[in-house]
Each structure stands twice: as C-alpha cells, then as structure tokens.
Amino acid sequence: MNKKVLLRQLQISWIPLLLAVAYASIAYCMATADKRSVMTFVNYFSGTFFFLMWIVGQYLRTSKEINDSSNYANLQTGILDLKKAISKLQAFSFQQPKTTATFENPLLATAKKAIDSGFVLAGLMQAGVAFEQALLAKADKLQIARDNRTNVSQILNRLKDFYDQGTINEFYAVWKLRNQLVHLSNEASIELEKNPSLFKYFEWAIKTLESEN
C-alpha cells in the first residue's frame, strides 16, 4: 500500500473519526439499557462516520474545482501578454543562418500548410512542436547530457557554449511564444489568428538549430 496515500487518508479522516466516536458514545449512553449493545454502538458510529466523510469529500471536491479553475485562469495568456511577446520577437534581428544545405522539416512543412489553409493557431502550435523537437535533436547532436527530467529551458541554457548570447535570447523569446500558445485565452486566440507571420520566427529558430554552427 502506498504510504503517502495512507497518510493523506488519515489526515482527511481523523476528525470525522473522532466526531463519529463521540456521537456514537453519547448516543449509546443515552439509549435505554435494553438497547445497549455492540451492534448499537457500531450502527451509530458507522452511519455518522460515513455521513461526515461524505461531507468532507464534497468539500474537498469543491475546493479542488475552485483551485483548478483559479490556476487555469492564472496560466492563461491574455492579449496584453501575447502582444508583449510579439513585440519582443519583433525587436530581434533574427539573422538567417549561413548554410547551403537544403532545409526541409516535415513538422514545419505541415505547420505552414495549416497556416496557408487558414488554420493559424493550429499551424503555430505545430510549429512550436517542431521547434521543441529541433532543440532536443540539436542537444543530442552536440552530445549535451539530458534525461526525461531535463526541460527545454535547461537545454537552452546549455546551448550557450555553442551560440552567442543574442541567439540564445532569441531562442528564449521563441520558446516563450511556444509556451503561450498552450494557454491562450479566447481573446488571445482570436488575436493570434490575425498573426500568421509569427510562423517565420519558428522557421528561423529551426533553421538555425538544424544548420551547422
């Protein structure tokens, strides 16, 4: 049995348990002598305990729903946050990498088709996935140690040995936009649909990662 689950269950149930014992004891003592028995005490205790646990369960469930709703609202990216991210991206130069290699990223190509077909948000989200995959592939190519617990920010930080600080800052800006795509508010989603040109920043980042340093 999971010890953490058991401890959590004890934390939840000890107050209802004490109240149920107290109520059952009082009810037992107040009962007439001919009605006092172990079963009488058990009946009072079990009914009270399960009723109190039901109330506690309802409270915890409602509390979790409120917290989840609040946390989701805090995670959402509003229009102002999105515009700040776009402005930051537009402030960078994003110099194209010097390479003669033919560039073709399947995920990015699919993303561009989606955007060209009018599905801007879906296309940008796909481009964000392509960017993340390109980062991981670059880390492996450069033999940067990582495991399942290594996040993208840590990988970007380790790329400082291979790219100048300006390029790293630009990578971070593109990655921030990618994260915002996951938690857009309805208003921000509508605003984003008007900005298919954001695709070029993902395209630049992936081209830079897939080119030779």
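Note that the coordinates shown come from a computational prediction; the quantities given were computed from them, not determined experimentally.

Looking at the overall build of the protein
Argument step 1. The helix and strand tally for the protein stands at nine helices and zero strands.
Argument step 2. Tracing the protein from N to C terminus, the helices and strands come up as α-α-α-α-α-α-α-α-α.
Argument step 3. Look at the contacts in the protein between residues 6 or more apart in sequence, and 70% of them connect residues 24 or more apart.
Argument step 4. Surface exposure of the protein reaches about 14,000 Å², of which carbon and sulfur atoms provide 57%.

Some remarks on helix α7 (residues 165–182)
Argument step 1. Compared with the 26 Å implied by 1.5 Å per residue over 18 residues, the 26 Å span of α7 between its first and last C-alpha is a close match.
Argument step 2. Among the residues making up α7, those that are buried are T167, I168, E170, F171, A173, V174, W175, L177, R178, Q180 and L181.
Argument step 3. The N-cap residue of α7 is D164: its side-chain oxygen and the backbone nitrogen of G166 are 3.0 Å apart.

Let's talk about the pattern of salt bridges
Argument step 1. A complete count under the given rule lists four salt bridges for this structure.
Argument step 2. As a salt-bridge pair, D116 and K112 come within 3.1 Å of each other at their nearest N and O atoms. Here D116 and its partner K112 are both found in helix α4 (residues 106–116), four residues apart, which amounts to about one turn of the helix.
Argument step 3. For D116, a relative accessible area of 57% puts it in the exposed group.
Argument step 4. The class for K112 is partly exposed, based on a relative accessible area of 39%.
Argument step 5. Put simply, R146 and D140 hold a salt bridge, and the shortest N to O gap is 3.0 Å.
Argument step 6. On the basis of relative accessible area, D140 is assigned to the partly exposed category, the value being 43%.

As for the side chain of T48
Argument step 1. By the secondary structure assignment, T48 is in helix α2 (residues 38–75).
Argument step 2. Filtering out sequence-adjacent residues up to four positions away, T48 remains in contact with A20 and Y23.

Description of the packing of aromatic side chains
Argument step 1. Inspection of the entire model under this criterion finds nine aromatic pairs.
Argument step 2. Ring centres 6.4 Å apart and planes at 40° place the aromatic pair F131 and F171 in the tilted group. With F131 in helix α5 (residues 120–141) and F171 in helix α7, this residue pair connects regions lying 40 residues apart in the sequence. Across the pair, exposure class does not vary: F131 and F171 are buried alike.
Argument step 3. Centre to centre, the rings of Y163 and F171 are 5.4 Å apart; their planes meet at 85°, and the pair counts as edge-to-face.
Argument step 4. Among the residues examined, Y163 registers a relative accessible area of 12% and is labelled buried.
Argument step 5. Taking relative accessible area as the criterion, F171 reaches 0% and is therefore assigned buried.
Argument step 6. Taken together, F131, Y163, F171, W175, F202 and W204 form an aromatic cluster joined through their ring pairs.

A look at the side chain of E191
Argument step 1. Structurally, E191 can be placed in helix α8 (residues 186–192).
Argument step 2. An unpaired buried charge is present at E191: no salt bridge exists, and K194, the closest side chain of opposite charge, is 4.2 Å distant.
Argument step 3. If near-sequence neighbours (up to four positions away) are discounted, E191 is found in contact with L82 and K83.

Looking at the nonpolar core
Generally speaking, nonpolar side chains in soluble globular proteins are found buried as a group.
Argument step 1. L124, F131 and F171 are the most contacted members of the largest nonpolar core, which has 41 residues in total.
Argument step 2. Broken down by secondary-structure element, the contributors of at least two residues to this core are α3 (79–91), α4, α5, α6 (152–158), α7, α8 and α9 (199–210).
Argument step 3. Counting residues per element, this core draws most heavily on α5, at ten residues.
Argument step 4. Setting aside its immediate chain neighbours within four residues, F171 contacts F131, L156, Y163, W204, A205, T208 and L209.

Side note on a nonpolar patch on the surface
Argument step 1. A cluster of nonpolar side chains, contributed by W14, I15, L18 and L19, occupies part of the molecular surface with about 420 Å² of accessible area.
Argument step 2. One can find L18 in helix α1 (residues 3–30).

Notes on the packing of α5 against α9
Argument step 1. Interhelical geometry of α5 versus α9 gives an angle of 15° and a closest axis separation of 9 Å. Here α5 lies roughly parallel to α9, going by the angle between them. With respect to the hand of their crossing, α5 and α9 are arranged in left-handed fashion. Here L124, A127, G128, A130, F131, A134, L135 and K138 of α5 come into contact with α9, specifically with F199, F202, A205, I206 and L209.
Argument step 2. Residue composition of the contact of α5 with α9, by class: eleven nonpolar, one polar and one charged.

The rules behind each value
Residues numbered from 1 in each chain as written. Predicted model: local features only at pLDDT ≥ 70, side-chain atom pairs only at ≥ 80, totals over all residues. Heavy atoms only, no water. Helix = DSSP H or I, 4+ residues; strand = E, 2+ residues; numbered from the N terminus. Contact = heavy atoms within 4.5 Å. Areas by Shrake-Rupley, 256 points an atom, 1.4 Å probe, with all protein chains shown as cover. Expected span 1.5 Å × (residues − 1). Buried < 20%, exposed > 50% of the residue type's maximum accessible area, 1.4 Å probe, protein only. Polar contact = N/O pair within 3.5 Å; in protein donor to acceptor, adjacent residues only side chain to side chain. Salt bridge = Lys/Arg side-chain N within 4 Å of Asp/Glu carboxyl O. Phe/Tyr/Trp six-rings, centres within 6.5 Å; stacked < 30°, edge-to-face > 60°. Lys, Arg positive; Asp, Glu negative; His and termini not counted. Core = buried A, V, L, I, M, F, W, Y, C linked by side-chain atoms within 4.5 Å. Patch = residues over 30% accessible without salt bridge, like charges linked within 9 Å, V, L, I, M, F, W, Y side chains within 5 Å. Axes fitted to C-alpha atoms, helices over the stretch in contact; angles between N-to-C directions. Parallel < 35°, antiparallel > 145°, perpendicular 65-115°, else oblique. Left-handed = near helix turned anticlockwise from the far one by under 90°. Nonpolar A, V, L, I, M, F, W, Y, C, P; charged D, E, K, R; others polar.

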